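# Examining the three-dimensional arrangement
What follows is the residue order along each chain.
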Amino acid sequence: MYSAEKVRKFTEKVFVAIGCTLKDARLAADVLINADLNGVDSHGVARLAGYVRLYDHGRLNPVPQIKIIHETPSTATIDGDRGLGLVVAPYAMKVAMKKAKKVGSGWVSVQNSNHFGIAGYHASLALAEDMIGWAMTNAAPLVVPTFSREKLLGTNPIAIGIPAGEQPAFLADFATTAVAYGKMEILQRKGLKAPIGWVQDAEGAPTDNANAVKEGGGLLPLGGDREHGSHKGYGLGAAVDILSGVLSGANFGPWVPPFATAGFHGVAEEQVGKGTGHFLGAMRIDGFRDKQEFKAHMDKWIERFRSAPAVDGEQVQIPGDQERRFKAERLIHGLPLNEKVVESLQELGERFKIKVPKKGA
């Protein structure tokens, strides 16, 4: 276990070391540490070395000039200037919320960005303003459409945050694939096999090989196969790709540049747009009905779902419950960092002459 606050400070210093402002470094570190605190280990500090590799490959601008390049009263398109998606996406969400305050809702597409961490972080920014928040992003082509042997889509997550009254907020954050690629990386680090239904091999056959994507295979859409509804996951992932990439002027489909994880460094020779794309939105509740009445009904919705009879040994949860439990535990006991993640942090510490946190919460 490692102190979340000490890992946060280390992460900030690494971002500053590659040229980020202290303000941006703090925001980027906050996104990553929140992922770890919420139990989304695949998108926390395990990703830190990947952002540094983006910088090393000339694909990351540590001091971007983020700007609006097109807008209407309720919409905007933002150019992220190759900045950290961890910084660009919150900027875009603030623009969406500002527009929502004025006209009821705000919708912002983003081009020329990079990997933005967990989608739920950005959607949840709207909760502080008692708004409904949306966040989605396209990603590198690691996913095969239903019946395809070619990887054409990313894991393309969707997040939606909805405020309640006395109850904690509803916060759903999920990939449109059977599993996020980061979970495959965790299996690879631990030397474990993948469950059948997560990935297929180069010939399109189901496999439990956690390295299958690197060996010509692909992740499967949500549902796993056609009989279990993979066409629905394919449709969701395609919609995210279109809203994030085609609508914004970013790259889309097989042209989305990869995050700089092991084995995926280069970019396609042909580019149809600029960088990675995101799509974010904010909706004012009182644009639809009285805010307090809505929040009271959300409380009732949450309480009713939680009280549903559950199968033995389980309890019905609402989206966000599991992450809140993880966060409560990890704020006390610390972050359980994988040995290989710790090794990657040590390498960064040696490179930038930054003291690496020691074990202990």
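Refer to the structure printed above.
Report follows, based on the coordinates. Keep in mind the model is a prediction, meaning the values are calculated, not measured.

To continue, consider the sheet that holds strand E6 (residues 170–174). On the basis of which strands lie adjacent, the open sheet formed by 7 strands has the order E1-E2-E3-E10-E4-E5-E6 and mixed pairing. In this open sheet, the two edge strands, each paired with only one partner strand, are strand E1 (67–71) and E6. Each strand axis lies, on average, 15° off the axis of its neighbour in the sheet, ignoring direction.

With the rule as written, the count across this model stands at 16 salt bridges. Taking the shortest distance from any N to any O, the salt bridge between Asp30 and Arg8 comes out at 2.7 Å. Within this pair, whereas Asp30 is found in helix H2 (residues 22–37), its partner Arg8 is found in helix H1 (residues 4–17), the two being separated by 22 residues in sequence. Judged by relative accessible area, Asp30 falls into the partly exposed class, the value being 21%. Between Asp130 and Lys291 there is a salt bridge, with the nearest N and O atoms lying 3.4 Å from each other.

Attention now goes to helix H10 (residues 339–352). Along its 14 residues, H10 runs 20 Å from first to last C-alpha, staying within 8% of the 20 Å computed at 1.5 Å per residue. For H10, the complete set of buried residues consists of Val341, Val342, Ser344, Leu345, Leu348, Gly349 and Phe352. Buried residues along H10 cover an arc of 160° about the axis, so they all sit on one side. Away from its buried face, by an angle of more than 90 degrees, H10 presents the exposed residues Glu339, Glu347 and Glu350.

In this section: the sheet that holds strand E8 (residues 206–207). Read across the sheet, 3 strands follow the order E8-E7-E9 without closing on themselves; strand pairing throughout is antiparallel. Edge positions in the sheet fall to E8 and strand E9 (218–219), since each of these pairs with one other strand and no more. Taken together, the 2 bridges between strand E7 (residues 199–200) and E9 define a ladder with antiparallel strand orientation. From the neighbouring strand, Val199 faces E9, where its bridge partner is Leu219.

Time to look at the packing of helix H3 (residues 48–56) against H10. Contact geometry for H3 and H10: axes closest at 9 Å, N-to-C directions at 45°. By the angle between their axes, H3 is oblique relative to H10. Across the interface between the two elements, Leu48, Ala49, Val52 and Asp56 from H3 touch Ser344, Leu345, Leu348, Arg351 and Phe352 from H10.

Parameters at a glance
- Residues numbered from 1 in each chain as written.
- Predicted model: local features only at pLDDT ≥ 70, side-chain atom pairs only at ≥ 80, totals over all residues.
- Heavy atoms only, no water.
- Pairing = 2+ DSSP bridges.
- Helix = DSSP H or I, 4+ residues; strand = E, 2+ residues; numbered from the N terminus.
- Axes fitted to C-alpha atoms, helices over the stretch in contact; angles between N-to-C directions.
- Salt bridge = Lys/Arg side-chain N within 4 Å of Asp/Glu carboxyl O.
- Buried < 20%, exposed > 50% of the residue type's maximum accessible area, 1.4 Å probe, protein only.
- Expected span 1.5 Å × (residues − 1).
- Arc of directions from axis to C-beta.
- Parallel < 35°, antiparallel > 145°, perpendicular 65-115°, else oblique.
- Contact = heavy atoms within 4.5 Å.

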